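The primary structure of each chain is shown beneath.
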Amino acid sequence: MSILVQNLRRTFGSFQALRGINLEIQSHQLVALLGPSGSGKTTFLRILGGLDFPDPGHGKILIQNEDVTEQPAADRKTGFVFQHYALFNHLTVFENVAFGLNVRPKHIRPNSNSIRDRVVELLQLVQLDGLDQRLPSELSGGQRQRVALARALAIDPRVLLLDEPFGALDAKVRKDLRRWLRSFHKEIGVTTVFVTHDQQEALELADTVVIMNQGQIEQVGPPQEIYDHPATPFVYEFLGDVNKLRKPGRPDLFYVRPHEIQILFASDSSADFSARIEHLFAAGPSARLTLRMPNTRETVDADITRQQLDEMGLSEGDEVGLKLATASPKAPAPAVTPSR
Amino acid sequence: MHSSISISSKRPRRVLPGFGLSLGFTLSYLGLIVLIPLTLVFFKSTGLGFTGFWKVLSSDRVQSAFRLTFGLSALAGLLNGVFGFLVAWVLVRYQFPGRKLLDAAVDLPFAMPTAVAGIALTGLYAPNGWIGSKLAPLGIKVAFAPLGILLALTFIGLPFVVRTLQPVLEDLESAQEEAAASLGANRWETFRRVIFPPLLPALVTGSTLAFARAVGEYGSVVFIAGNKPGKTEIVPLLIMTKLEQFDYAGATALASLMLAISFVLLLFLNFLQRKTSLSRRSS
């Protein structure tokens, strides 16, 4: 279901965790809240789930056009999956998943047979069938994560909120689970918002990426658009893999990605800069060069094809010319101070 | 020679050295401090023979003392379970000025002679005392009545429940409560299904400790009880009385029965403690 957030503020003492968040999320979307730690993304997610509340009078949350700003978590019907799962350790997997149904008031509680059917169905959905009598302590991290997901889904949530869903897992499981979650979301179609600080995770998984910094939203858009057209210097730098460059004789900085730099022979007169190859490494079809600019002593990364590397016969220590692939640099960074 | 080598090579290798030495020390230490004195108690009482033993234990005065001691101790254990839980809950879950002082005050019943506690409680609750004089017109008699004994036994047992519960309460993840809330559970359901079950083993352990302590309590009770035979006389006092009359065999007969009951209790307690630590490890 759709979510609409208007001018949301949250202050902890003198710290402004959220300073005026406005966001609209369409139904059935998979949305990533991406930002460094301390950017307010988890606070925002908790407020969406009713586990925290905005400063009184500052902000409004609508789920499917219903104002839920003052609604406590128990009435909000949002499925929340915690970073460390928060499973009930004294209950079996079955009882964990059934929890949200068992605590319903008598007149709307399903009978025990339909609860059983629902739990079995959910455990099949998260590929944990047969583990229903295990305790959480007898499961692996990835399995616990999926129990937490099934438990949140049992209440037929209007939206699903995931706090750093893969944060506590090792790299291999993380990758598998990420792929699984993508297809899983397609299958169930519940509007899903997840928090992450991993840009690759956000870009690979989400339909929409919301980039947050210091309690504010920097940019909202589809991953491709965010990557290709970063709106602010922060987004440019946060997405990573970017060079900060200064044109000779000009004070302003601008950003350029490694694949947007052309490598030419040093003698080529069309080069914008000259530089020396400090390090080169070829993996697969592309090669990454680390270049040092002789005049500013800054280093720059550039990606070229393996083929070009071989044809030019480049090796470490060679002098080369650089040319920016795009005629005018995108998103010049007027406000960036070179101190970083 | 050959055989000794084959034996030593069959012994499983241990990571921690010194098992033999430390076990030997433990056994001799426990033997000297606990087992030998207590065995002597049993040994002494055998002088009575079975009929003599039975005769001592079957007297009305002894039986009512046992009923009083174990009945009131169980009640005190339960009371401490309820109110100790409340104290631990408040100390762990809320922030308020003076919390640290209050926390330290919980240990006071351990830190002073129980006789002092008994005299202080008697002073307060005697018919002419501060609180006792207010209760007397209502027909409630505390000092020199079973209620007074219960009060003293509850007083000296309080720290057990609070101190066993506190660490478990502190370990509870707040995320679990939030998870319960987001799944639609109200405060009561959250408490009943999520908060309370992990606390239960520690609560039972603490209450059992308080109960065991109350069974053996002497110092504070003798001042507030009034010590009327058959009415407000507890077993430890009865043992003292028999000793003063040089009835050593009778005293040890009572002591033996108390020991037997206490031992069964402590076995049960150990079992519970193991359960607590198991459930905590899994979290």
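What you see is a predicted model; the values in this text were computed from it and never measured.

**A few points about the sheet that holds strand 8 (residues 191-196) of chain A**
Residues and elements named next belong to chain A.
- An order of 6-7-8-3-9-10 is seen for the six strands of this open sheet, with the pairing classed as mixed. Both edges of this open sheet fall to strand 6 (78-81) and strand 10 (216-221), since each of them pairs with a single strand only. Averaged over all neighbouring strand pairs, the angle between strand axes comes to 15°, with direction disregarded.
- Here strand 3 (residues 30-34) pairs with strand 8 via five bridges, running parallel. From the neighbouring strand, Leu34 faces strand 8, where its bridge partner is Thr196.

**Description of the interface of chain A and chain B**
- The partner chain B presents 18 residues to the 20 residues of chain A that form the contact.
- Here chain A and chain B share an interface that buries about 1700 Å² over both sides, 62% of which is from carbon and sulfur atoms.
- If you look at where chain A meets chain B, you find one salt bridge.
- Salt-bridge contacts for A:Arg46 lead to B:Glu178; the nearest nitrogen and oxygen are separated by 2.7 Å.
- For the pair chain A and chain B, the interface holds five residue pairs in polar contact (both at pLDDT 80 or more).
- When residues of the side of chain A that touches chain B are traced back to their parent elements, those giving at least two are helix 2 (73-76), strand 6, helix 3 (93-102) and helix 5 (141-153) of chain A.

**A word on the packing of aromatic side chains**
- If you walk through the whole model with that rule in mind, you get 16 aromatic pairs over all chains.
- A ring pair is formed by A:Phe80 and A:Phe82, whose centres lie 4.7 Å apart and whose planes are at 45°; its orientation type is tilted. Side by side, A:Phe80 and A:Phe82 carry an identical accessibility label, which is buried.
- For the pair B:Phe66 and B:Phe70, a centre-to-centre distance of 6.0 Å together with 5° between the ring planes defines the contact as stacked. Of this pair, B:Phe66 and B:Phe70 are both found in helix 4 (residues 60-93), four residues apart, which corresponds to roughly one turn of the helix.
- With relative accessibility at 10%, the residue B:Phe66 sits in the buried group.
- Counting every residue linked through ring pairs, the aromatic cluster contains B:Phe85, B:Trp89, B:Trp188, B:Phe191 and B:Phe196.

**Regarding the sheet that holds strand 16 (residues 299-305) of chain A**
Residues and elements named next belong to chain A.
- Spatial strand order, 13-17-14-15-16: five strands in an open sheet with antiparallel pairing. Edge positions in the open sheet fall to strand 13 (261-265) and strand 16, since each of these has one partner strand only. Adjacent strand axes in the sheet meet at a mean angle of 45°, parallel and antiparallel pairs treated alike.
- Both strand 14 (residues 273-283) and strand 17 (residues 319-324) contribute to a ladder of four bridges, which runs antiparallel. The partner of Phe273 across the bridge, within strand 17, is Leu322.

**Examining the confidence of the model for chain B**
Residues and elements named next belong to chain B.
- Mean pLDDT over chain B stands at 86; residues scoring 70 or higher make up 93%.
- Contacts from residues 1-7, a stretch scored under 50 in pLDDT, to residues over four places away or in other chains number zero contacts.
- Scored as a whole, the predicted complex attains pTM 0.76, and scored at its interfaces, ipTM 0.78.

**As for the pattern of salt bridges**
- Inspection of the entire model under this criterion finds 22 salt bridges over all chains.
- Salt bridges here are not isolated pairs; linked through shared partners, they connect A:Arg174, A:Arg178, A:Asp198, A:Glu201 and A:Glu204.

**Considering the pairing of strand 14 of chain A**
Residues and elements named next belong to chain A.
- Of the strand pairs in this sheet, strand 14 and strand 15 (residues 286-292) are connected by seven bridges, and their pairing is antiparallel. The residue bridging Ala282 from the neighbouring strand is Ala287, located in strand 15.
- Between the antiparallel neighbours strand 14 and strand 15 lie two residues, among them Gly284 with a positive phi of about 70°.

**Topic: the side chain of A:Ser39**
Residue and element names in this part refer to chain A.
- Within the secondary structure, Ser39 is located in the loop between strand 3 and helix 1 (41-48).
- Given a relative accessible area of 1%, Ser39 falls into the buried group.
- Among the polar contacts listed, one links the side chain of Ser39 to the backbone oxygen of Pro36, at a separation of 2.7 Å.
- Those residues within four positions of Ser39 in sequence are excluded, and the remaining contacts are Ala17, Met212, Asn213, Gln214, Gly215 and Gln216.

Here is what the cut-offs are and how they apply
- Residues numbered from 1 in each chain as written.
- Chains lettered and ligands numbered in written order.
- Predicted model: local features only at pLDDT ≥ 70, side-chain atom pairs only at ≥ 80, totals over all residues.
- Heavy atoms only, no water.
- Pairing = 2+ DSSP bridges.
- Helix = DSSP H or I, 4+ residues; strand = E, 2+ residues; numbered from the N terminus.
- Axes fitted to C-alpha atoms, helices over the stretch in contact; angles between N-to-C directions.
- Contact = heavy atoms within 4.5 Å.
- Buried area = accessible area lost by both parts, 1.4 Å probe.
- Salt bridge = Lys/Arg side-chain N within 4 Å of Asp/Glu carboxyl O.
- Polar contact = N/O pair within 3.5 Å; in protein donor to acceptor, adjacent residues only side chain to side chain.
- Phe/Tyr/Trp six-rings, centres within 6.5 Å; stacked < 30°, edge-to-face > 60°.
- Buried < 20%, exposed > 50% of the residue type's maximum accessible area, 1.4 Å probe, protein only.
- pLDDT = per-residue confidence, 0-100.

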